[in-house]
Amino acid sequence: MNDRIPQGLVGTGRVPLVNLIISFDTHECYLVQRGPAGPSCPRVALAAGPGGIDQLGPGIESATKSALGLVVTYIGVLSFEVTSTAIDMYVLVSARQPVSWPLGTTLMTLPELVRAGADIAMISLFQAAAGRAEAERFALTIGSRVQHALARSVEYLEERFTVEDSREGWSQYLSNDAVGVLSSAQGLLALAHACAKSRYIERVARCLEQAQNPDGGWQVKHSLHGEPTQISITESTCYCLWALVESGRTEECIAVSSGAAWLMNTQRPSGGWGVSERSAEAQVIATAFAVRMLARLGNRGAVGRGVQWLRDNQREDGSWPLDRAVVSPTEPDLSPPAPTAHAVIALLSAGVPANDNAIIQGVAYLRRRFNSAGVEPWRSALSDTLVDPRTDSRLIFRHYTTPWALVALSQAGASLSDPLVQRGILQLLAQQMPSGAWRCNATVPASPTMWAAHDTVFALKTVVSIGVRILQSAPVLGLTTASLESMMMSFLLTNGSPWPGAQEAMGA
């Protein structure tokens, strides 16, 4: 993070004033200034020599020690305001418990600040600081648990690696030794998501290349019902492409380019994708997988048409439908959260911003469907789909929803302080078996499956990584010091008289 203060901001008559939001180790209370108008933040002025303040953090730490006698650690900028005489910043710092409090200050909790009549804008900044502190606490406690769970999962998957004839990989049901195509791609991906430098990754990648159909797609080998068929399946093709890319293959690889071509050739005129090229109609999850994969490979035209199809098929309540979905035998649900999670992820992967109305409505729907008391906070769903009318071959898709809902929320901006994210992560971790395998209610709980392993590992790695990255790159409110400087420059150019050489000082 760039914490340099623009050289032009000093020596212009505008004094940098820092309002300190001072938290302590517990992050449950804050040091505030007492006053007749209510509590306020302790304030310090940043001293600047001829060369300006070189580093924002050290400058604030030094000024706080000089003015208040407190040793603090700079965390980040919450907000700022530029006036004719000053640059007024609100900054979050943490401090150790002092021997004595600075004159005129007291400790207050957030509820106490509200009752004492603190300014509403200031309260919102304290709430933001509390949210970041909660995210940091959760990250510290959950990080090691996730790493341990991933390591156990890798160990289990490597133990279950099998060879059938000349095929190497995994079965979808990990209790047997039949090697599947989709399951082997998911197993490779689970190892890659867990950052395991496994000797099996390259071996499975070569087998996936050999298993590719002549048309460029990939089939599902063992899970079909009805007459056997080798027809290429959209979801299987996307998983195999994803696995090959994660194994190090590029777009120039014949298997990758052929797979991408199959996806583009099977896109419907409407813009969506079916479960297979022979299935009757486009479906949301198949389309979402295709959009994600082609977006990663840079096929903008097909991705744009897929995005529009997803937009056109979103319901008024923010959800996307799943045909013939059954959550339980006694409770049919035509709009389970699984397709909505996949659609949100696909739109974000295609570059649709998180503040787009389709994303906002989809995320709101996922939040409404969250069940805090559930073993799986977002319930799994089944869909029985005809994939080849010529052979009457059907495929039962078992959608493990919770991992994908967590990824959707996280990619849309939910942080580790979000109660839904925290609860979802904890519930996922609780589904790991002593062997290192993972349970899922979409099948017999005692029967570990590859899709549960892949989806859980992917979600845990993705959600925790995004959460930590948010903490590292955006000090409090998504505002890095670099973006703060840019905002200051914009404000001054619009509302004030910029100093000579200001643009050069900002690197413009």
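Right above here is the structure, for reference.
The shown structure was predicted, so the numbers you read here are calculated from the model rather than taken from an experiment.

Draft legend 1. Structural context of the packing of aromatic side chains. This structure, assessed with the given rule, holds 10 aromatic pairs. Ring centres of Phe161 and Trp170 lie 5.3 Å apart, and the angle between their planes is 80°; on these two criteria the pair is classed as edge-to-face. Pair check on accessibility: Phe161 and Trp170 agree, each one buried. Geometrically, the ring pair formed by Trp242 and Phe458 is edge-to-face, given 5.2 Å between the ring centres and 85° between the ring planes. Highlighted residues: Trp242 in helix 6 (residues 234–246) and Phe458 in helix 14 (residues 450–473), separated in sequence by 216 residues.

Draft legend 2. Layout of the layout of surface pockets. In this structure, the largest pocket occupies an estimated 520 Å³ of space. Around the largest pocket, the lining comprises 29 residues; the ones closest to its centre are Gln172, Leu182, Ser223, Ile396 and Trp451. Elements that contribute at least two residues to the lining of the largest pocket include exactly helix 4 (181–193), helix 6, helix 8 (284–297), strand 13 (393–399) and helix 14. Examining the composition of the lining of the largest pocket, we find that 5 residues originate from one element, strand 13, more than from any other. Residue composition of the lining of the largest pocket, grouped by class: 14 nonpolar, 11 polar and 4 charged.

Draft legend 3. Seen up close, the pattern of salt bridges. Inspection of every chain in the model, using the stated rule, returns 12 salt bridges. Measuring nitrogen to oxygen at the nearest pair gives 4.0 Å for the salt bridge that ties Asp165 to Arg167. On the basis of relative accessibility, which here comes to 28%, the residue Arg167 falls in the partly exposed class.

Draft legend 4. Examining the packing of helix 6 against helix 8 more closely. At their nearest, the axes of helix 6 and helix 8 sit 9 Å apart, and the two run at 30° to each other. One finds that helix 6 runs roughly parallel with respect to helix 8. When the axes of helix 6 and helix 8 are compared, the crossing they make is left-handed. Contact residues: Thr234, Glu235, Cys238, Tyr239, Leu241, Trp242, Val245 and Glu246 in helix 6; Ile285, Ala286, Phe289, Ala290, Arg292, Met293, Arg296 and Leu297 in helix 8. Within the contact of helix 6 with helix 8, the residues separate by chemical class into 11 nonpolar, 1 polar and 4 charged.

What counts and what doesn't
- Each residue is numbered by its place in its chain's sequence as written, counting from 1.
- It should be noted that, the model being predicted, local features are given only for residues of pLDDT at least 70 and side-chain atom pairs only at 80 or more, the latter also being counted only at that level, while totals for whole chains, interfaces and linings use all residues.
- To obtain the side-chain values, all non-hydrogen atoms of the structure were included, while hydrogens and water were left out.
- Classification of ring pairs rests on two measures: the distance between centres of Phe, Tyr or Trp rings, Trp counted by its six-membered ring, which must be within 6.5 Å, and the angle between planes, read as stacked under 30 degrees, edge-to-face over 60 and tilted in between.
- The classification of residues rests on relative accessible area computed with a 1.4 Å probe and restricted to protein chains. Under 20% of the type maximum is buried, over 50% is exposed, and intermediate values are partly exposed.
- Each helix is a run of H or I in the DSSP string that is no shorter than four residues. Each strand is a run of E no shorter than two, and both are numbered from the N terminus.
- A 1.4 Å probe that fits but cannot get out identifies a cavity on a 1 Å grid over protein atoms alone, an open set with protein on both sides within 12 Å along at least five of seven lines counts as a pocket, and a residue lines either if it has an atom within 4 Å of a point.
- Grid points are joined across faces, edges and corners, and a volume is the space filled by probe spheres set on the points.
- Gly counts as polar in this scheme, as do all residues outside two lists: the nonpolar Ala, Val, Leu, Ile, Met, Phe, Trp, Tyr, Cys and Pro, and the charged Asp, Glu, Lys and Arg.
- Any carboxyl oxygen of Asp or Glu that lies within 4 Å of a side-chain nitrogen of Lys or Arg is treated as forming a salt bridge with it.
- Angles run from 0 to 180 degrees between N-to-C directions of axes, and those axes are lines fitted to C-alpha atoms, restricted for helices to the stretch in contact.
- Oblique is the label for any angle not under 35 degrees, not over 145, and not in the 65 to 115 range, which are roughly parallel, roughly antiparallel and roughly perpendicular in turn.
- By convention, the crossing between two helices is left-handed when the near helix turns anticlockwise from the far helix through less than a right angle, and right-handed when the turn is clockwise.
- Only heavy atoms enter the contact rule, under which two residues are in contact if any of them lie within 4.5 Å.

Read these as layout, nothing more, since geometry by itself doesn't imply function.
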